[in-house]
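# Understanding the architecture of this molecule
As a plain string of letters, each chain reads:
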Amino acid sequence: MEAIRLYIRLVGISMQARLQYRADFIMGAFSVIMLNVMNLALIGIIVYRFVELNGWNIWQLFFLYCLWLLGHSFYSLFFWHFWDLEEDLIRGTFDQFLLRPASVFIQYIGREVQYIGFADMFVAIVGIGLAYVKLGLHWSIGLWLFVPVVVISGTMIEMTLNLMVACISFWTGRSSIALDMVMEFNVLVQHYPIDIFSAWFRIVVTGLLPVAFMNYYPALILLGKIEKTAVPGIGFLSPVVALVLVGLTSIVWHFAMRRYSSSGG
Amino acid sequence: MKIFWAFTRQAFQYASVYRFNFFVGILLTFLQMYGIYWVWRTLYTQKPDAFGVNMEQMITYGVLGMAMQIFMWSRVQWYIANQVKSGAIDTDLMKPLDFHIHMLARSTGETVISSVLALPSLIISYFILGISLPADIGTAVAFIVSVVLGFLVIFHLNFILGTLAVFTLDIRHISWAYMSTVRFFGGQLVPLWLFPPALLLIANILPFQSTFAIPMSIYIGKLTGADMFRALGFQFGWMVVLVLGSRLLWTQAHRRLVVQGG
């Protein structure tokens, strides 16, 4: 539990550091909201013409988009700095974590906080709320409790996948383009229901890079569209997928650390 | 011209050093093309004739939109912002070459390299996704002219954004809003003729359609004849305005840098 205390303390320090740049936050929040509104508008424009996309109407698509975004918002709050790992390794700034008498992992993940995540969260909550009303959904208590589980699982899935991919830079020195690649799978899964794509894509986002568990599979349950898959309860597996990925990540991190310290870096 | 090749060579060397980036980059671009392909395919299966263009034209438009994102990768605004932040901008100011021209040469080199990166994905798309070629030589020539104009428009927009860094220092967040605006009103993903009237009106005034919508519409044969020449004129007009705007703004920025002792 020492680790969690340390993590919270590190995040607290990062928050204080960030609070110094208020104008920066306002500009950033504005940009993030604008970016999301434009993405949603594009989805709206194409679906408005066609009424629906493979059986998904406009509000169901917004729901899909925003459910992904809500999980992602916690990722962008706490873990955005994974993109800079290769830079840290090139410049040697990663070494500072090895020098302190605390877990390198906790120090690294607690390194930075990006307030911009709040703007994502705002858009996601408004979008999900509107979709809930417009679609006339009535969730049971059980489903309401399922929502935070989905969101936390979503955050963990994105966080672990990205951290594992970022760890590539311990071997090759570069990882940001691979992260871009993972992000592209994320973008497609966020914007469109995966049932429009061909089989290999669905297999990749279900098994290899299981980002479809961030929004698509849970959304089938939450929107009552379970007829879309052969395995109706698959959405309930999101937390299981997240836990498996956490396990894999700890193994990858272990090897990455061994590699890093042995190369004398 | 010599300087142009110097920058081109430099960028080529960069690309060969990071071979991993190069190949993943091709895959990444293809994945984006694949995504938009399935979106249009699915929609066209539902309603084959909702739009005035056929499915092949629409898919070609979408795939080209992804390939032409290479214009968005232009680093000119980041280059200026980083140089201003680190103070290294003074070395640029000392060079015996006009800063604006220097940036244009640099950006051209980068874009040529990016095109090389986009080509394999386009070739793969040609065979797998079934995109079409321009209808005739005239269309192809008009498309190339339009792409060059589109590049010049986006370059100057980027240059202006980068120059703003001299006044505000941080352009990271502004550039997110900027890029999503360019994509949206540029018609990169969804063609402008599908926009509701009010949004279409705005898109028709703004310069952004020069970069994506106009060249891509020419390519698929949606813009022809007098309309096509009017569109090329629109691009040219905006280019002139933006060149003048860039020069004017840079003069101001330069003065400010000199006063600060930069």
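None of these values were measured; they are calculated from a predicted model.

## Let's talk about the overall build of chain A
Secondary structure assignment for chain A yields 13 helices and 2 strands. Taking 18 Å as the expected radius of gyration for a compact globule of 265 residues, we find that chain A reaches 19 Å, a close match to that expectation. Taking the principal axes of the C-alpha coordinates as reference, chain A spans close to 60 × 40 × 35 Å. In chain A, which comprises 265 residues, the share counted as buried stands at 40%. In chain A, 77% of the contacts between residues at least 6 apart in sequence involve partners at least 24 apart.

## Comments concerning the overall build of chain B
Within chain B, the secondary structure is distributed over 11 helices and 0 strands. Secondary structure elements of chain B, listed N to C terminal, follow the sequence α-α-α-α-α-α-α-α-α-α-α. A total of 262 residues make up chain B; the buried ones form 42% of that total. Long-range contacts, defined as pairs at least 24 residues apart, comprise 81% of the intrachain contacts of chain B with a sequence gap of at least 6.

## Concerning the interface of chain A and chain B
Of the residues lining the interface, 27 residues belong to chain A; the matching set on chain B comes to 28 residues. Broken down by secondary-structure element, the contributors of at least two residues to the side of chain A that touches chain B are helix 2 (22-50) and helix 10 (176-191) of chain A. For the side of chain A that touches chain B, the residue count by class is 18 nonpolar, 4 polar and 5 charged.

## Some details on helix 6 (residues 99-128) of chain B
Within an α-helix, residues lying three or four positions from one another point in the same direction, as the helix has 3.6 residues per turn. All names here are of chain B. Over its 30 residues, helix 6 extends 43 Å from the first C-alpha to the last, a length consistent with the 44 Å expected when each residue adds 1.5 Å. At A118, helix 6 shows its strongest bend, of approximately 25°, with the proline P120 following within four residues. Within helix 6, burial applies to M103, R106, S107, G109, E110, T111, I113, S114, A118, S121 and S125. The positive-phi residue at the C-terminal boundary of helix 6 is G130, with phi of around 70°.

## Re the environment of W176 of chain B
If you trace the backbone, W176 of chain B turns up in helix 8 (residues 172-186). Judged by the 18 C-beta atoms lying within 10 Å of it, W176 of chain B is partly exposed. Residues contacting W176 of chain B, with those up to four places away along its chain left out, are S31, V32 and L35 of chain A.

## Let's talk about the packing of helix 3 (residues 55-67) of chain B against helix 10 (residues 213-220) of chain B
Relative orientation and spacing of two packed helices are given, respectively, by the angle between their axes and the distance between those axes. Residues and elements named next belong to chain B. Contact geometry for helix 3 and helix 10: axes closest at 10 Å, N-to-C directions at 145°. Considering how the two elements wind past one another, helix 3 and helix 10 form a crossing that is right-handed. In this structure, helix 3 uses Q57, T60, Y61, L64 and G65 to contact helix 10, whose residues at the interface are M216, Y219 and I220.

## Concerning the packing of helix 4 (residues 76-86) of chain B against helix 7 (residues 137-168) of chain B
Residues and elements named next belong to chain B. Packing of helix 4 against helix 7 brings their axes to within 7 Å, and their N-to-C directions diverge by 15°. By the angle between their directions, the pair helix 4 and helix 7 is classed as roughly parallel. Crossing of helix 4 against helix 7: the hand is right-handed. Along the contact surface, helix 4 presents V76, Q77, Y79, I80, A81 and V84, while helix 7 presents F155, N158, F159, L161, G162, T163, A165 and V166. For the contact of helix 4 with helix 7, the per-class residue count stands at 10 nonpolar, 4 polar and no charged.

## A word on the nonpolar core
Membership of the largest hydrophobic core comes to 132 residues, with the highest contact counts inside it found for F63, C66, L67, I157 and V189 of chain A together with Y37 and V63 of chain B. In this view, C66 of chain A contacts V123, A124, G127, I128 and A131 of chain A; residues no more than four positions away in its chain are not counted. Membership of the second largest hydrophobic core comes to 5 residues, among which are Y178, V182, F184 and F208 of chain B.

## A few points about the environment of L129 of chain B
Relative to the helices and strands, L129 of chain B is located in the loop between helix 6 and helix 7. When neighbours within four sequence positions are excluded, L129 of chain B is seen to be in contact with M33, Y37, I59 and V63 of chain B.

## Quick word on the confidence of the model for chain B
All names here are of chain B. Counting all residues, the mean pLDDT for chain B is 85, and 90% of those residues have values of 70 or more. At the level of individual helices and strands, chain B shows its lowest average pLDDT in helix 1 (residues 2-17), which scores 64, and its highest in helix 10, which scores 94. In the model output, the complex is listed with pTM 0.88 alongside ipTM 0.85.

## Things to note about the environment of L200 of chain B
Residue position: L200 of chain B is located in helix 9 (residues 197-205). If near-sequence neighbours (up to four positions away) are discounted, L200 of chain B is found in contact with L192 and F195 of chain B.

## Focus on unusual backbone geometry
All names here are of chain A. Positive phi outside glycine occurs at N54, with the angle close to 50°. Within the element layout of this structure, N54 appears in the loop between strand 1 (52-53) and strand 2 (56-57). Classification of N54 by C-beta neighbours within 10 Å gives partly exposed; the count is 18.

Reading the values: the criteria
Residues numbered from 1 in each chain as written. Chains lettered and ligands numbered in written order. Predicted model: local features only at pLDDT ≥ 70, side-chain atom pairs only at ≥ 80, totals over all residues. Helix = DSSP H or I, 4+ residues; strand = E, 2+ residues; numbered from the N terminus. Rg over C-alpha atoms; globule rule 2.2 N^0.38 Å. Buried ≥ 20, exposed ≤ 12 C-beta atoms within 10 Å, placed from the backbone. Contact = placed C-beta atoms within 7 Å. Nonpolar A, V, L, I, M, F, W, Y, C, P; charged D, E, K, R; others polar. Expected span 1.5 Å × (residues − 1). Bend = angle between axes of the 7 residues up to and from the residue. Axes fitted to C-alpha atoms, helices over the stretch in contact; angles between N-to-C directions. Left-handed = near helix turned anticlockwise from the far one by under 90°. Parallel < 35°, antiparallel > 145°, perpendicular 65-115°, else oblique. Core = buried A, V, L, I, M, F, W, Y, C linked by C-beta atoms within 7 Å. pLDDT = per-residue confidence, 0-100.

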